[in-house]
Amino acid sequence: MKERTNPIGFIFMILLSAVFLFPIAIVFMNSFKTKFSIMGAPFRLPDKDTFAGLDNYITGITTAGIGGAFLRSVFITVFSVFALVLLCSMTAWYIMRDTSRLSRIIYKLFLFSMIVPFQMVMYTMTYVASGLHLNNPIGIIAVYLGFGSGLSVFMLGGFVKSIPEELEEAAEIDGCTPLRTFFSIVFPILKPTAVTVAILNAMWIWNDYLLPYLILGNRYKTLPVAIQISMQGAYGSVNWGGFMAMLVLAILPIIIFYLFSQKYIIEGVIAGAVKG
């Protein structure tokens, strides 16, 4: 039987999509306009008097030092996501299989970390990270692990509860160690949710500005920080044309990444809902 499309719901989703896409379209459009036309008429399409061609992109690339910042962002994102998926999946499995009071307390602490506002701990965290020498591209991975583990353990833990314990008991009877049981039995089953966790954390870490700015500062600039700092001039002036152009280059990789991986997010959410 052919499903009928709800026209009201379809129109609502079209309008909602337009609302979300409008800011991106404005940024893309203004990246080809001159600085003063952006400030004077940000919502007007470029014409022969306001069209700047690729000048904003050339200026932004040469000014921002985007190559090093891009590689630094890739390094931090890849290894932070790897650590989050691996360690949080192991943590979630242990907590859900261990019935002791200590495990329940640890799980509640992970949940509590999700509701603590970042602004509440950011200054204290900055001093702690500096004291522990985490203010470098490798050290910030540990900071991201701490901030991202709450949601990751929560999502993975809900999926672990749906895995039959008989599978792990059978592996134990066959002589598997706990570590081998996890990587041979549990982790492959966790793949849909693990991929979802990886994608969500990758988008968060890649686009993050405040945490790298507080921890790394100007010494190790990530892509968002490099764009923000390089496009600011003296006395509060901003090169809006270069700023918009660099924003387009910064969000383009994560948009492509999301378009190719969105089906895995949907599969992970559906798998969690069905098994839960």
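Shown above is the structure to which this text applies.
Residues numbered from 1 in each chain as written. Predicted model: local features only at pLDDT ≥ 70, side-chain atom pairs only at ≥ 80, totals over all residues. Heavy atoms only, no water.

1. Quick word on the overall build of the protein
Within the protein, the secondary structure is distributed over 13 helices and 0 strands. Counting from the amino terminus, helix and strand elements in the protein follow one another as α-α-α-α-α-α-α-α-α-α-α-α-α. Projected onto the principal axes, the alpha-carbon positions of the protein cover approximately 75 × 65 × 30 Å. Here the protein holds 276 residues, and the buried ones make up 37% of them. Counting 18 positive and 13 negative side-chain charges, the protein places the centres of these two groups 9 Å from one another. (Helix = DSSP H or I, 4+ residues; strand = E, 2+ residues; numbered from the N terminus. Buried < 20%, exposed > 50% of the residue type's maximum accessible area, 1.4 Å probe, protein only. Lys, Arg positive; Asp, Glu negative; His and termini not counted. Charge placed at Lys NZ, Arg CZ, Asp CG, Glu CD.)

2. A closer look at the layout of surface pockets
Quantified by volume, the largest pocket comes out at close to 630 Å³. In terms of lining residues, the largest pocket is bounded by 22 residues, among which Ser113, Val116, Gly146, Phe147 and Gly148 are the most central. Only helix H5 (101–115), helix H6 (118–131), helix H7 (139–160), helix H10 (191–207) and helix H11 (210–215) provide two or more residues apiece to the lining of the largest pocket. Here the lining of the largest pocket gets 9 residues from one element, more than from any other, and that element is H7. The residue makeup of the lining of the largest pocket, split by class, is 15 nonpolar, 6 polar and 1 charged. The space that makes up the second largest pocket amounts to roughly 230 Å³. Elements that contribute at least two residues to the lining of the second largest pocket include exactly H10 and helix H13 (240–275). Of all the elements, H13 adds the most residues to the lining of the second largest pocket, at 6 residues. Looking at the lining of the second largest pocket, its residues break down into 7 nonpolar, 2 polar and no charged. (1 Å grid on protein atoms, 1.4 Å probe; cavity = no way out; pocket = protein on both sides within 12 Å on 5 of 7 lines; lining within 4 Å. Points joined across faces, edges and corners; volume = space filled by probe spheres on them. Nonpolar A, V, L, I, M, F, W, Y, C, P; charged D, E, K, R; others polar.)

3. Quick word on the environment of Thr196
With respect to the element layout, Thr196 can be found in helix H10. Relative accessible area serves as the criterion here: at 2%, Thr196 is assigned to the buried category. Measuring from C-alpha to C-alpha, the distance between Thr196 and Phe43 comes to 36 Å, with 153 residues separating the pair along the chain. At 3.0 Å, the side chain of Thr196 and the backbone oxygen of Pro192 are in polar contact. (Polar contact = N/O pair within 3.5 Å; in protein donor to acceptor, adjacent residues only side chain to side chain.)

4. With respect to the side chain of Ser80
By the element assignment, Ser80 lies in helix H4 (residues 66–97). A distance of 2.6 Å separates the side chain of Ser80 from the backbone oxygen of Ile76, its partner in a polar contact. Apart from residues no more than four positions distant in its own chain, Ser80 is found in contact with Ile141, Tyr144 and Ile205. (Contact = heavy atoms within 4.5 Å.)

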